[in-house]
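# Coordinate analysis (summary)
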Amino acid sequence: MISDTANKLAGGMQHAHRRLVDLAGHPIAADGLALLGRLTLAGVFWRSMLTKVETVRLWSYQDVINGHDVTRYHWRVPALPLELKASAVSLFRDEYALPVIPPEIAAWMAMLAEFALPLALILGLFTRLSALALIGMTMVIQLLVYPDAWWSTHALWVSIAGALVLYGPGRFALDNLLGKLFSAPLRRAEQG
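Residues numbered from 1 in each chain as written. Predicted model: local features only at pLDDT ≥ 70, side-chain atom pairs only at ≥ 80, totals over all residues. Heavy atoms only, no water.

Counting residues in each nonpolar core, the largest one holds 30 residues, and the members touching the most others are L41, F92, L134 and M137. The element contributing the most residues to this core is helix α4 (residues 103-123), with seven residues. Those residues within four positions of L134 in sequence are excluded, and the remaining contacts are L41, F45, L117 and L121. (Core = buried A, V, L, I, M, F, W, Y, C linked by side-chain atoms within 4.5 Å. Buried < 20%, exposed > 50% of the residue type's maximum accessible area, 1.4 Å probe, protein only. Helix = DSSP H or I, 4+ residues; strand = E, 2+ residues; numbered from the N terminus. Contact = heavy atoms within 4.5 Å.)

Dropping the structure here:
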């Protein structure tokens, strides 16, 4: 009697495991995971960029905290044209102190990369190249700025970016659409 119950339980667990493996292998799951990876990595670097530039606050609402009216903002976007804050340059000069590159140039390079690469990831445009560039940026941060942050942060960023480099952006990306558009004339030319 106990062995029958154990066998039924084991059979049910095997069936559930097979269903889970089938679901995980479904293309929609892989595409959704690639989209989540792109948005997650983009969010990390986009928020970092927002600390370096002047921003515009959007979608505000009023809140009361300890009896005081407080304006809260849901979303900040960079003010255009992009303006680097003086605090960003001093951060590169005083805390990061990168060798070889002057702090003004390093701050601008980091800010522009953190502006352009997340946008490319969100759109799924040049995804593999953008993710590879973010791996490079992360390794510079790891090796020269925060060497103790590998297990707490940087390994995660590199894992997500590495998966995007190896497996691509998924179907929910402009890369996929552009690949189809540009490969169709090539196929016709090869057939004709």
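This is not the end of the story, as more comes after the structure.
A regular strand places its side chains on the two faces of the sheet in alternate fashion. The sheet contact formed by strand β1 (residues 55-65) and strand β2 (residues 68-78) spans 10 bridges and is antiparallel. Each residue of the ladder has a partner; that of Q62, found in β2, is T71. Counted along the chain from β1 to the antiparallel partner β2, the turn is two residues long, and its residue N66 has a positive phi close to 50°. (Pairing = 2+ DSSP bridges.)

Moving on, we get to the packing of aromatic side chains. Tallied over the entire structure, the rule returns five aromatic pairs. An angle of 75° between the planes, with centres 6.4 Å apart, marks the rings of W150 and W151 as edge-to-face. These aromatic residues form a ring-pair network of at least three members: F92, Y96 and Y146. (Phe/Tyr/Trp six-rings, centres within 6.5 Å; stacked < 30°, edge-to-face > 60°.)

On to helix α3 (residues 86-96). Helical geometry: 3.6 residues make up each α-helical turn, so side chains three or four residues apart lie on a common side. Every buried residue of α3 is accounted for by A88, V89, F92 and Y96. Looking straight down α3, one finds that the buried residues subtend no more than 105° of arc, so they occupy a single side. Turned more than 90 degrees off the buried face of α3, the exposed positions are A86 and D94. The inward-facing, buried residues of α3 abut α4 and α5 (127-145). Of the residues trailing α3, A97 is marked for its positive phi of about 45°. (Arc of directions from axis to C-beta.)

On to unusual backbone geometry. Here L80 and P81 are connected by a cis peptide whose omega angle stands at 0°. Inspection of the secondary structure puts P81 in the loop between β2 and α3. Phi angles above zero are rare outside glycine, and N66 is one such case at about 50°. Relative to the helices and strands, N66 is located in the loop between β1 and β2. Even without glycine at this site, F126 takes up a positive phi of about 55°. Examined against the element boundaries, F126 turns out to sit in the loop between α4 and α5.

Nonpolar side chains collect at one region of the surface, where L123, L174, L177, L178, L181 and F182 lie side by side and expose about 550 Å² of accessible area between them. Tallying contributions element by element places helix α7 (residues 174-191) first for the nonpolar patch, with five residues. Within the secondary structure layout, L123 lies in helix α4. (Patch = residues over 30% accessible without salt bridge, like charges linked within 9 Å, V, L, I, M, F, W, Y side chains within 5 Å. Areas by Shrake-Rupley, 256 points an atom, 1.4 Å probe, with all protein chains shown as cover. Salt bridge = Lys/Arg side-chain N within 4 Å of Asp/Glu carboxyl O.)

Let us now look at the side chain of K52. For K52, the position within the fold is in the loop between α2 (27-50) and β1. Among the residues examined, K52 registers a relative accessible area of 6% and is labelled buried. Setting aside chain neighbours within four positions, we find K52 in contact with E83, L84, K85, A88, F92, A110, M111 and E114.

Here we take up the environment of A161. Summarising the element assignment, A161 is placed in helix α6 (residues 150-167). Note: C-alpha distance between A161 and V53 (108 residues apart in sequence) is 24 Å. Apart from residues lying up to four places away in sequence, A161 is in contact with L41, A131 and I135.

Here we come to the side chain of R38. Relative to the helices and strands, R38 is located in helix α2. Buried and unpaired, R38 has no salt bridge, with D175 as the nearest side chain of opposite charge at 7.1 Å. Polar side-chain contacts of R38 include one of 2.8 Å to the backbone oxygen of P169. A distance of 2.9 Å separates a polar side-chain atom of R38 from the backbone oxygen of F172. (Lys, Arg positive; Asp, Glu negative; His and termini not counted. Polar contact = N/O pair within 3.5 Å; in protein donor to acceptor, adjacent residues only side chain to side chain.)

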